[in-house]
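# Remarks on the overall topology
Listed below, chain by chain, are the residues.
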Amino acid sequence: MMRLYSSGRADLLAGRLAATLAVSPLDPMENEWVGVSSQGMRRWLLLELARHLGASKPGTEDGAAANFELPFPGSLLVQVLGAGRADDDPDPWEIERLVWMVLSVAEASADDPALNAFNRLPEGASRYGKARRVADLFDRYHVHRPHMIRQWAADLDRNGLGRPLPEHHAWQSHLWRLVRTQIGEPSPPERLPELLNDLREGRLNIHLPPRVSLFGLTSLPGGSSLLELCEALAAERDVHLFLLEPTHFNVGALAALPGPEVSGMRVRSEDDSATLAAHPLLRSWGRPHREASLLLADARGTDESSLELVEDPLAGEPAGTVLARLQRDIGANREPSGSLHVGRGDRSLQLHACHGATRQVEVLRDAILHLLAAPDLDLVEEDVLVICPALPRFAPLVEAVFGPSADSSAATSSGPSGSPLLRYRVADRSVSDANPVLNAMTLLIDLVGSRFDATSVLDFISLAPVRHRFDFDDDDLATIGDWLERSGVRWGLTSQHRAGFGVPATILTNTWRAALDRLLLGSAISDDAVGLSIGEVAVVGVEGGQVEALGRLAELLWRLTELTEMFSRQHTIGEWIHLLSDRAMDLFSAPVELAWQMQALSAALIDVAASAGEGTAASEVLLNGIDVRRLFEDRLLNTPGRPDFFRGGITVTTLKPLRGIPYRVVCLLGADENAFVTGNADGDDLAALGPVVGDPDARADDRQALLEAVLAAGDYLVVVREGHDVRTNQEVPRAVVLEELRDAALATVHPDDRAHFVRQLEVNHPRQAFDDRCFITGELMDHAPWSFDRGDLEGAEARRDRAGTSPPFITSPLISRPEDVVDLSDLQAFVKHPVAWFVTRRLDARLPRSAEARETGLPVAPSGLEKWKLGDGLLAARRSGLTSEAWARIERQCGTIPPGSIGEALIGDLVTAVDRLLEASQNLGITGGAGTDLPVDVDVVLPDGTRIVGNVHTQLTPPRPGPARITYSKSKLDHRMAAWLDLMALVASDPVTDWRSVVVSRTGLQTHPVAVTELSPHHRGNEGRAAAVAALEFVVDCFRKGSDEPIPLFTAFSESVHLGKQKASHWAGDFGSSESTNVATALVYGDYDFEALMALPARPGDPGDSGGRVERFAHAFFGAMEASATVEDLT
Amino acid sequence: MTAEPVVRPFALDAALPRGQWAIQASAGTGKTYALVSLAVRFIAEQDVEVSQLLIVTFTRAATSELRSRLRQRLVEVADHLSDPAASETDDKFAAMLAVHDRPRRLERVRRAIIEFDSATITTIHGFATQILGTLGTTSGTDPDASLVDNDDDLLEEACADVLATAADGGRPFGDLPGYQGLRSATERAMACPDTDIVPGPDQVGASLAQRMLTELVVKARATVTDRRRRAGTMSYDDLLTQLRQALGGPGGTATRKAIRERFSVALIDEFQDTDPVQWDVFSMLFGEEDAATSLILVGDPKQAIFRLSGCQRPHLPRRRGVARNDAARAGHQLEIRRRIGELP
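## Quick word on the overall build of chain A
The number of helices and strands found in chain A is 44 helices and 24 strands. When its C-alpha atoms are laid out on the principal axes, chain A stretches across 125 × 75 × 55 Å. The proportion of buried residues among the 1131 residues of chain A is 52%. A sequence separation of at least 24 residues applies to 74% of the contacts in chain A between residues at least 6 apart. Taken as a whole, chain A presents about 49,100 Å² of accessible surface, with 52% of it coming from carbon and sulfur. Looking at charge distribution, chain A has the averaged site of its 108 positive side-chain charges lying 2 Å from that of its 159 negative ones.

## Considerations on the side chain of threonine 122 of chain B
Residue and element names in this part refer to chain B. Along the chain, threonine 122 falls in strand E4 (residues 120-123). At 3.5 Å, the side chain of threonine 122 and the backbone nitrogen of phenylalanine 127 are in polar contact. In this structure, threonine 122 is in contact with Ile55, Val56, Thr57, Thr63 and Phe127, ignoring residues within four places of it in sequence.

## Description of the interface of chain B and chain A
At the junction of the two partners, chain B supplies 46 residues and chain A supplies 50 residues. For the pair chain B and chain A, the summed buried area comes to about 4,100 Å², and 55% of that belongs to carbon and sulfur atoms. Linking chain B with chain A are seven salt bridges, by the criterion used here. With its nearest N and O atoms 3.5 Å apart, the salt bridge here joins aspartate 161 of chain B to arginine 451 of chain A. The tally of links from chain B across to chain A stands at 11 residue pairs in polar contact (both at pLDDT 80 or more). Going through the elements one at a time, helix H2 (60-82), helix H4 (102-114), helix H5 (124-135), helix H6 (152-168) and helix H8 (208-231) of chain B are the ones with two or more residues in the side of chain B that touches chain A. A breakdown of the residues in the side of chain B that touches chain A according to their chemical character gives 19 nonpolar, 13 polar and 14 charged.

## A look at the nonpolar core
All names here are of chain A. Grouped together as the largest cluster of nonpolar side chains are 102 residues, with contacts concentrated most on Leu45, Leu199, Phe215, Leu241, Leu717 and Leu741. Sort the elements by how many residues they give to this core and helix H1 (residues 10-23) lands first, with seven residues. Among the nonpolar cores identified, the runner-up in size contains 91 residues, and Phe138, Val437, Val448 and Ala618 belong to it.

## Here we look at the sheet that holds strand E15 (residues 663-669) of chain A
Residues and elements named next belong to chain A. If you walk across this open sheet you meet the seven strands as E9-E14-E8-E15-E16-E7-E17, and the pairing is parallel. Of all the strands in the sheet, just strand E9 (424-426) and strand E17 (762-764) have a single pairing partner and so form its edges. Sheet twist, expressed as the average angle between the axes of neighbouring strands with direction ignored, equals 20°. By the bridge criterion, three bridges tie E9 to strand E14 (residues 650-653) in an arrangement that is parallel.

## What about the packing of helix H25 (residues 573-587) of chain A against helix H26 (residues 595-612) of chain A?
Residue and element names in this part refer to chain A. Here H25 crosses H26 at 175°, and the two axes come no closer than 9 Å. Between H25 and H26, the angle falls in the class roughly antiparallel. In contact with Ile573, Ile577, Leu580, Ser581, Ala584 and Met585 of H25, H26 contributes Met598, Leu601, Ser602, Leu605, Val608, Ala609 and Ala612. Partitioned by chemical class, the residues of the contact of H25 with H26 number 11 nonpolar, two polar and no charged.

## Details of the sheet that holds strand E22 (residues 997-1002) of chain A
All names here are of chain A. Taken together, four strands build an open sheet; the order of strands is E21-E22-E23-E24 and the sheet is mixed. Every other strand in the sheet has two partners, leaving strand E21 (964-966) and strand E24 (1125-1129) as the edge strands with one partner each. For this sheet the average axis-to-axis angle between neighbouring strands, irrespective of direction, equals 15°. As defined by bridge partners, E21 adjoins E22 across three bridges and the pair is classed as parallel. Of the residues in E22, the one forming a bridge with alanine 964 is valine 998. Packed onto the sheet, helix H38 (residues 973-989) meets E21, E22, strand E23 (1010-1017) and E24 and runs at close to 30° relative to E23. Each of E23 and E24 is contacted by helix H44 (residues 1109-1124), which is oriented at about 80° to E24, the strand it contacts most.

## Some details on the packing of aromatic side chains
Applying the stated criterion across every chain, the model contains 25 aromatic pairs over all chains. Arranged with centres 6.1 Å apart and planes meeting at 25°, the rings of phenylalanine 127 of chain B and phenylalanine 282 of chain B form a pair that is stacked. Taken together, the residues span a long stretch of sequence, with phenylalanine 127 of chain B in helix H5 and phenylalanine 282 of chain B in helix H11 (residues 276-286) at a distance of 155 residues. Considered together, phenylalanine 127 of chain B and phenylalanine 282 of chain B belong to a single accessibility category, that of buried residues. An aromatic cluster is present here, built from Trp93, Phe138, Tyr141, Trp152 and Trp176 of chain A joined pairwise through their rings. The ring centre of phenylalanine 501 of chain A lies 4.3 Å from the NZ or CZ of arginine 230 of chain B, which sits over that ring.

## Here's the deal with the pairing of strand E4 (residues 211-217) of chain A
Residue and element names in this part refer to chain A. Among the seven residues in E4, seven count as buried, and that is most of the element. Strand direction decides the pairing type here: strand E2 (residues 32-35) and E4, joined by three bridges, are parallel. Bridged to glycine 35 within E4 is leucine 214. Between the parallel elements E4 and strand E5 (residues 238-244), the chain passes through helix H10 (residues 224-233) in a crossover that is right-handed.

## Regarding the pattern of salt bridges
Residue and element names in this part refer to chain A. Taken as a whole, this structure holds 93 salt bridges over all chains when the rule is applied. Here glutamate 1055 ties to arginine 976 by a salt bridge, and the two come within 3.0 Å at their closest N and O atoms. Of this pair, glutamate 1055 sits in helix H40 (residues 1052-1058) while arginine 976 sits in helix H38; the two residues are 79 residues apart in sequence, bridging distant segments of the chain.

## Digging into the side chain of aspartate 91 of chain A
Residue and element names in this part refer to chain A. Structurally, aspartate 91 can be placed in the loop between helix H3 (74-81) and helix H4 (95-108). Within the structure, the side chain of aspartate 91 is placed 2.9 Å from the backbone nitrogen of tryptophan 93, a separation counted as a polar contact. Ignoring sequence-local partners within four residues, the contact set of aspartate 91 consists of Leu81, Arg85 and Arg97.

## A few points about the environment of leucine 669 of chain A
Residues and elements named next belong to chain A. Counting through the fold element by element, leucine 669 comes out in strand E15. Along the sequence, leucine 669 and threonine 654 sit 15 residues apart, while their C-alpha atoms lie 9.6 Å from each other. What leucine 669 contacts, discounting residues up to four positions off in sequence, is Gln360, Val361, Leu364, Val386, Ile387, Cys388, Pro389, Phe394, Val398 and Val720.

## Considerations on the pairing of E14 of chain A
Residues and elements named next belong to chain A. Side-chain alternation along E14 places Ile650 and Val652 on one buried face and Thr651 and Thr653 on a second face that is also buried. Where strand E8 (residues 384-387) and E14 come together, three bridges link them in parallel fashion. Note that in E14 the partner of valine 386 across the bridge is valine 652.

## With respect to the confidence of the model for chain A
On average, residues of chain A score 88 in pLDDT, and 95% of them reach the 70 mark or higher. Element-level mean pLDDT values for chain A span from 68 in strand E10 (residues 533-534) of chain A up to 97 in E15 of chain A.

## Comments concerning the packing of H38 of chain A against H44 of chain A
All names here are of chain A. Orientation of H38 relative to H44, taken along the N-to-C sense of each, is 55°, at an axis distance of 11 Å. Taken together, the axes of H38 and H44 are oblique relative to one another. As for the relative orientation of H38 and H44, their crossing is left-handed in sense. Packed against H38, whose contacting residues are Leu973, Arg976, Met977, Trp980 and Met984, the element H44 presents Phe1117, Phe1118, Ala1120, Met1121 and Ser1124 at the interface.

## A closer look at helix H15 (residues 356-373) of chain A
Taking 1.5 Å of rise per residue, 18 residues should cover 26 Å, and H15 of chain A covers 26 Å from first to last C-alpha, within 8% of that figure. Counting buried residues in H15 of chain A gives 15 out of 18 residues, a clear majority hidden from the surface.

## With respect to the state of the cysteines
What makes a disulfide is a covalent bond joining the sulfur atoms belonging to two cysteines. For the structure on display, the rule yields zero disulfides over all chains. The thiol of cysteine 667 of chain A is unpaired, and the distance to the nearest cysteine sulfur, on cysteine 388 of chain A, comes to 11 Å.

## Overview of the environment of serine 219 of chain A
Residues and elements named next belong to chain A. Assignment of secondary structure puts serine 219 in the loop between E4 and H10. Taking the C-alpha atoms as reference, serine 219 lies 16 Å from aspartate 271; in sequence the two are 52 residues apart. With residues near it in sequence (within four places) discarded, serine 219 still touches Pro288 and Ala292.

## Side note on the environment of arginine 467 of chain A
All names here are of chain A. Structurally, the position occupied by arginine 467 is in helix H20 (residues 464-470). Judged by its relative accessible area of 23%, arginine 467 is partly exposed. Sequence-wise, arginine 467 and phenylalanine 588 are 121 residues apart; in three dimensions their C-alpha atoms are separated by 8.0 Å. In contact with arginine 467, not counting residues within four places along its chain, are Ile461, Ser462, Phe472, Asp473, Asp474 and Leu477. Within polar-contact distance, the side chain of arginine 467 engages the side chain of aspartate 474 at 2.8 Å.

Cut-offs applied
- Residues numbered from 1 in each chain as written.
- Chains lettered and ligands numbered in written order.
- Predicted model: local features only at pLDDT ≥ 70, side-chain atom pairs only at ≥ 80, totals over all residues.
- Heavy atoms only, no water.
- Helix = DSSP H or I, 4+ residues; strand = E, 2+ residues; numbered from the N terminus.
- Buried < 20%, exposed > 50% of the residue type's maximum accessible area, 1.4 Å probe, protein only.
- Contact = heavy atoms within 4.5 Å.
- Areas by Shrake-Rupley, 256 points an atom, 1.4 Å probe, with all protein chains shown as cover.
- Lys, Arg positive; Asp, Glu negative; His and termini not counted.
- Charge placed at Lys NZ, Arg CZ, Asp CG, Glu CD.
- Polar contact = N/O pair within 3.5 Å; in protein donor to acceptor, adjacent residues only side chain to side chain.
- Buried area = accessible area lost by both parts, 1.4 Å probe.
- Salt bridge = Lys/Arg side-chain N within 4 Å of Asp/Glu carboxyl O.
- Nonpolar A, V, L, I, M, F, W, Y, C, P; charged D, E, K, R; others polar.
- Core = buried A, V, L, I, M, F, W, Y, C linked by side-chain atoms within 4.5 Å.
- Pairing = 2+ DSSP bridges.
- Axes fitted to C-alpha atoms, helices over the stretch in contact; angles between N-to-C directions.
- Parallel < 35°, antiparallel > 145°, perpendicular 65-115°, else oblique.
- Phe/Tyr/Trp six-rings, centres within 6.5 Å; stacked < 30°, edge-to-face > 60°.
- Lys NZ or Arg CZ within 6 Å of the ring centre and 35° of its normal.
- Right-handed = clockwise from strand over helix to strand, strands pointing away.
- pLDDT = per-residue confidence, 0-100.
- Left-handed = near helix turned anticlockwise from the far one by under 90°.
- Expected span 1.5 Å × (residues − 1).
- Disulfide = S-S within 2.5 Å.

See below:
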């Protein structure tokens, strides 16, 4: 006997189920069998039944539910098909096995001309992937086109709607028959008619209790096949179908529609049932339910006696809010009447338009907090459901914005930026999201097929299971990152590995192998000597304490290399599983308390192996790396993880798992056009090409899930969407489904109230969470400010205070710590960069190096900076006596020189440039080599008693001795400033000698590539000493000021100010070399544009007597240089 | 070879175009308005179901704007048709529709609103993805490949590898292109898959360096393709190239037929920006003279951004002109000459 129960509310339906079960309990030794449509429904129903069953007295909720079996409806069919089959003899037509059957048959029939179209594998595609798709197709046909399959089995090539199979699809029936032959057993559609007959007549031995219920059906999974099965089951058993219906269509009306046309099926395009739906949302969102109603009507005829409409005790009460009225209209299937008068505070349906995904989550958090905070609502987090169609994209944002869940151990009292913490749980993520080891496994499989570029490998090393296995702590990872940089790793494990990518194996550098050799050598010997290399390997120094980490890194790379070699060959699935299990043990581990992570991986691998079977044809198929990658994507990425429902707090999930389950607050996050399935037909799917009523349809199912969400919301439906593009600020129109929802809501409302309803329906949120409008009552909400975020409030307040001007880096100079003795080298360091001096030496701050992206390509085009480093290195090498050839050999080993002729050309250029510099210095009498560098002690006492001590290295020989700066740089101003300071110190110490100070640098010009600049004091003797002492006095004064506060003295920029040639572009130019891009300068003066900088007012004690601070220091410094020394160009 | 087609002014109240039409519209003439109005007319007057409508635009933003405006217009027209007297607007377009056959037109527009979600309003790439999907196993495309938006990294590594290989193989430095030069030439070559890159290996008068550039661009392009296959990824350009190939392949005829049966009206916005491959796809699908589908191209020939994107640079020969001439040859041409906010 079959009975149907219909209700729009799952809780009422569950109550009715409980009543049915309670009235006639089964034998205590029998399980109660209740089919459910989702994991979420399973758990919810059990909790719900426990409230009703066995309660101490009616109305109390202290019951218990036990001895339940709650499988998915599909298992009914499995039961029937498996009747009489031994437990250890799995059904070969079951999908996981069918994949392997298809694969092995396809392999064996590679030469079959009838399979030509099928066997052509697109380059890069995987045979496993293809087999998987075909197996899925066959499986779908078995359920939805059993008639067609029976025709195929009888050698009749039909397309499912009774017409001949088009020629370009002929491979399908042919392949299916080959699979059928290989399996050697009739397929489910062939067996089913007889099995159902046996079932009807009680001859079939299946493990089902005398009562079978299917609960919460919103559509019919399996279409008419399921009904056929239920009907057969009902011959001997009680079958109860509990339909969760948005509305109930009258059987008479359904029967009045034209009947089925083709082999008992209704063609979907001919289906007119939409005309029965009076409510617009039922029409556009309710097709799966409508089709289910039709199929039920077809199966049952017009007899309504077996159907019970579960009574809704609230049905008679007035529906005061927009949401309630909308639900009531849908439930009664009536057109919105436009008669509802909406209260000003009716927020039962709310739309929020935001800028971008992160703002959506922030707004959602605040919307939930408002509801929880309202005292009269008495809501708790358990009452709130968040559904998000694009959960993989939003889940990390939810975790970032919500912070740790309030019940987790990591929780503090408030969220990331001072907002109240919520208890929540992101449920329904894939197994690999939930298990770091499985995630690492999928990444490993990706990695072994890749180029092994420096970044990807470093990312892999940073994965928790790898770190744990190789015991890398944060310091180790930082060290490894540093090693990669210094050892020049770009990509490729070895040069042979790179050859696989078409790059000649003669290029030996920049591989992991080369880097490891250099590092391992460096762990044995020091790299102090310039350009030490042994056997073509240049050393990279490794500190003693890091040798062990290096060993572990070497082991990791060795294992990866080994695995990569194995991956390039073909293996059977058994061999692959063996291989991957072994490697997983080698590469991953988990702490004891997380041992389940490793166990889950082993279980997954064993599962895969089992599906192929042992000793079968499938187990002999040779698979390559691409196949294995697809296999694991399939098994790990796309498999849902363990559901985490009803364990307290707000549940965040995708559209489907909790569909139909009532929550007082339902939030729809990320309700954007591209989040909803558009439903692309698969051109191979014969069922999708000619769809019939009851066929699965992803697009329609998505819409119905929305309909169910609207109906499941008890008090509030909160919809959050993208309203503006986060980058372009362009307005984003509402998704069509939201337009439909909005129109339906509007039509519900009385025309007089529509104007104010539209205003309160949707809130347009500002771009930034720290916008003033978030904190002003009446801006985004009538009676309260919108945001709960304390951090953002502080941001908004701070922004107000600043009112457009930037505060100075420090408000007043620090307390002076004048020293009586100043080191000349400190003065030099100060003059080189006064602002950086203050930040690094006085504040002791470590400045970040401007981060450059890690290079992962072969070095074919060195940047200007890289060329400069090479030239500078060559100059130093040559001056220390090394030949250009020796230098080039070492640089080649280091992988800094481009390959082949490009490298030759570069070396040629560098050698020429350096030769010219050395030639120019030889003309000055500088020979280079040992003993030609003579330090001269300096000791100057200034009038205020300050002593300047230190020494100056001189390379120029008498009669005019002095220091010579030979530099590969083109910009020579900073060298000139340093040369001047040396000169002043020498003259002040010893005014008798005829000192000079020379800078030899490049010009970048073809005509005279080298510039030789000579600085000489204006005077010698006492007059010269007095001038030099005055200059040093000024520098020491600047030095002291600059040690107490940053002073706006720069090199090129200040010189241009001094010369009256300053331009805004010199300060904030688009070029990296402009002053304001220096890290220290950016830190102190980053908020200043050119005008603001020039307007900096002078402070008491600043040099000069007119103009702003920048001008005063510029004029004073460069004026002091001009007043004391002559600059002469010797070229 | 073909005479310059006659360009006639476009009017919203003229007979609906059937077959192939190109509508030229300069900026500010209300091109989107014209497109939306045409779609509404097809629905109301010719009983074209909204699911039979294909509208292709070039950017995602344009797609969502068009989708939203079309729906809004349908709602406005439905309001007017349901009670023309009560409607306060002086919406002449809606009024024109209300003159004949009002109840049936209202019913059609209402149904279109209900089923609006089933309209195919998409970007060219979204369209290509859909069509490739319908081609199935025989399309020659890896159905598991994932689409990648930005391929700069791959382009750069391929150019570096190709250049390194050439340099290591002893090619003289003077003949080798610079890295940046190779990169930008390869990028352009990838953007126009149909271009023959000149000079060819045997071209007379070409310098060694020019021929070397050609050779390396060809290699870099092949390297990128090869690496994409290894990684199981596909670019949007690949998608279109493969679609064109598949449409000409074994399952192609059936697919073309199925697509034509599915869409009775195809409106292509911004057709001036179609590149040769895209144009080939459209003309293979809808371009035959007796095709049942009305193909309407809307665009502003003065705004062709494609011309700027590099295909006419010296060593990458023109192809663009061909596409536009093809478009121009597509049946009839109409021009929006003044702003069409209103009917006269």
